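Observations on chain architecture
The primary structure of each chain is shown beneath.
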Amino acid sequence: GDSVTQMEGPVTLSEEAFLTINCTYTATGYPSLFWYVQYPGEGLQLLLKATKADDKGSNKGFEATYRKETTSFHLEKGSVQVSDSAVYFCALSDPFQGGSEKLVFGKGTKLTVNP
Amino acid sequence: NAGVTQTPKFQVLKTGQSMTLQCAQDMNHEYMSWYRQDPGMGLRLIHYSVGAGITDQGEVPNGYNVSRSTTEDFPLRLLSAAPSQTSVYFCASTLLAGGYNEQFFGPGTRLTVL
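Residues numbered from 1 in each chain as written. Chains lettered and ligands numbered in written order. Predicted model: local features only at pLDDT ≥ 70, side-chain atom pairs only at ≥ 80, totals over all residues. Heavy atoms only, no water.

Describing the overall build of chain A
For chain A, the count of helices and strands is zero helices and 12 strands. Counting helices and strands in the order they occur from the N terminus, chain A gives β-β-β-β-β-β-β-β-β-β-β-β. Radius of gyration (C-alpha) of chain A: 14 Å, near the 13 Å computed for a compact globule of 115 residues. Buried residues in chain A amount to 47% of all 115 residues. Taking the contacts inside chain A whose residues are at least 6 apart along the sequence as the reference set, 56% of them involve residues at least 24 apart. Entry remark: accessible area of chain A is about 5,300 Å², with carbon and sulfur atoms responsible for 48%. With 10 positive and 13 negative side-chain charges, chain A shows a separation of 3 Å between the mean positions of the two kinds. (Helix = DSSP H or I, 4+ residues; strand = E, 2+ residues; numbered from the N terminus. Rg over C-alpha atoms; globule rule 2.2 N^0.38 Å. Buried < 20%, exposed > 50% of the residue type's maximum accessible area, 1.4 Å probe, protein only. Contact = heavy atoms within 4.5 Å. Areas by Shrake-Rupley, 256 points an atom, 1.4 Å probe, with all protein chains shown as cover. Lys, Arg positive; Asp, Glu negative; His and termini not counted. Charge placed at Lys NZ, Arg CZ, Asp CG, Glu CD.)

So, in structure tokens, the structure goes:
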């Protein structure tokens, strides 16, 4: 079945550092890809998404590009802030495996940004 | 709009007890689902529903029951709690339409089974 693999955490950075969180996937069909963020004590929120190859999703300074050739969707931010401290989940939905509403999640990467 | 609400926020059960986790949404979303979140495991789909009266199993359905009598509510029932069900449970909802629509998650219920 479909799966998502993201880099193990935790990741600790200083404010204004560059962030990369790696995410790769395997899928039967042509999935849509997502990054969700979970702030402490809260539910998940959609951070960004991409629905086809070479699409770039972006939001709040975060970016990720859908790379079909490498089956990857790495999350990047040029200058992190303390407020970015959260758990980040890479996820996919595959219309050929249960429909576009079912999400398959990676294990999550905890990011801590120190002042 | 309140979005997706879940009650209770925290719950401690003894092995063998039953309980219902409540989930409600006020966005008129057809699709609702339940996930559990375990350390190092990400989120895994338990059950989902595409509309009132229609439910189906996800990846990890054993030990859980659901029903969907209204569009707004999607309760999750544990009939006989086990320590393996200690987890954080999230409810989510979205519109059913062409392509992908953003899923909205509730704040979660942290369940401990002793």
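Next comes the rest of the account.
With respect to the state of the cysteines
Residues and elements named next belong to chain A. Per the stated rule, a full pass over the model turns up two disulfides over all chains. In this model, Cys23 is linked to Cys90 through a disulfide, with the two sulfur atoms separated by 1.9 Å. Measuring the twist about the S-S bond at about -70 degrees, one finds the Cys23-Cys90 disulfide to be left-handed. Here Cys23 is found in strand E4 (residues 23-26), whereas its partner Cys90 is found in strand E10 (residues 86-94), with 67 residues between them in sequence. Cys90 sits in the buried class, given a relative accessible area of 1%. (Disulfide = S-S within 2.5 Å.)

Structural notes on unusual backbone geometry
Here the amide bond leading from A:Gly9 into A:Pro10 is cis, since omega sits at -5 degrees, within 30 degrees of zero. Along the chain, the position of A:Pro10 falls in the loop between strand E1 (3-6) and strand E2 (11-14). Along the chain, B:Thr7 connects to B:Pro8 via a cis peptide bond; the corresponding omega equals -10 degrees. Position of B:Pro8 among the secondary structure elements: in the loop between strand E1 (4-7) and strand E2 (10-13).

As for the packing of aromatic side chains
One pair of aromatic rings is described through two measures. These are the centre distance and the angle between the planes. Under the defined criterion, the tally for this structure stands at 12 aromatic pairs over all chains. Between A:Phe34 and A:Tyr36 the ring centres are 6.4 Å apart and the planes differ by 55 degrees, which places this aromatic pair in the tilted class. In this structure A:Tyr36 comes out as buried when scored by relative accessible area, which is 0%. Look at A:Phe89 and A:Phe105: their rings are 6.1 Å apart centre to centre, the planes differ by 85 degrees, and that puts the pair in the edge-to-face class. Taken together, the residues A:Phe89 in strand E10 and A:Phe105 in strand E11 (residues 99-105) connect sequence positions 16 residues apart. Taken as a pair, A:Phe89 and A:Phe105 share a single burial class, namely buried. Taken together, the ring pairs connect A:Phe34, A:Tyr36, A:Phe89, A:Phe105, B:Tyr35 and B:Phe105 into an aromatic cluster. The side chain of A:Lys68 reaches across the aromatic face of A:Tyr30, ending 5.4 Å from its centre. (Phe/Tyr/Trp six-rings, centres within 6.5 Å; stacked < 30°, edge-to-face > 60°. Lys NZ or Arg CZ within 6 Å of the ring centre and 35° of its normal.)

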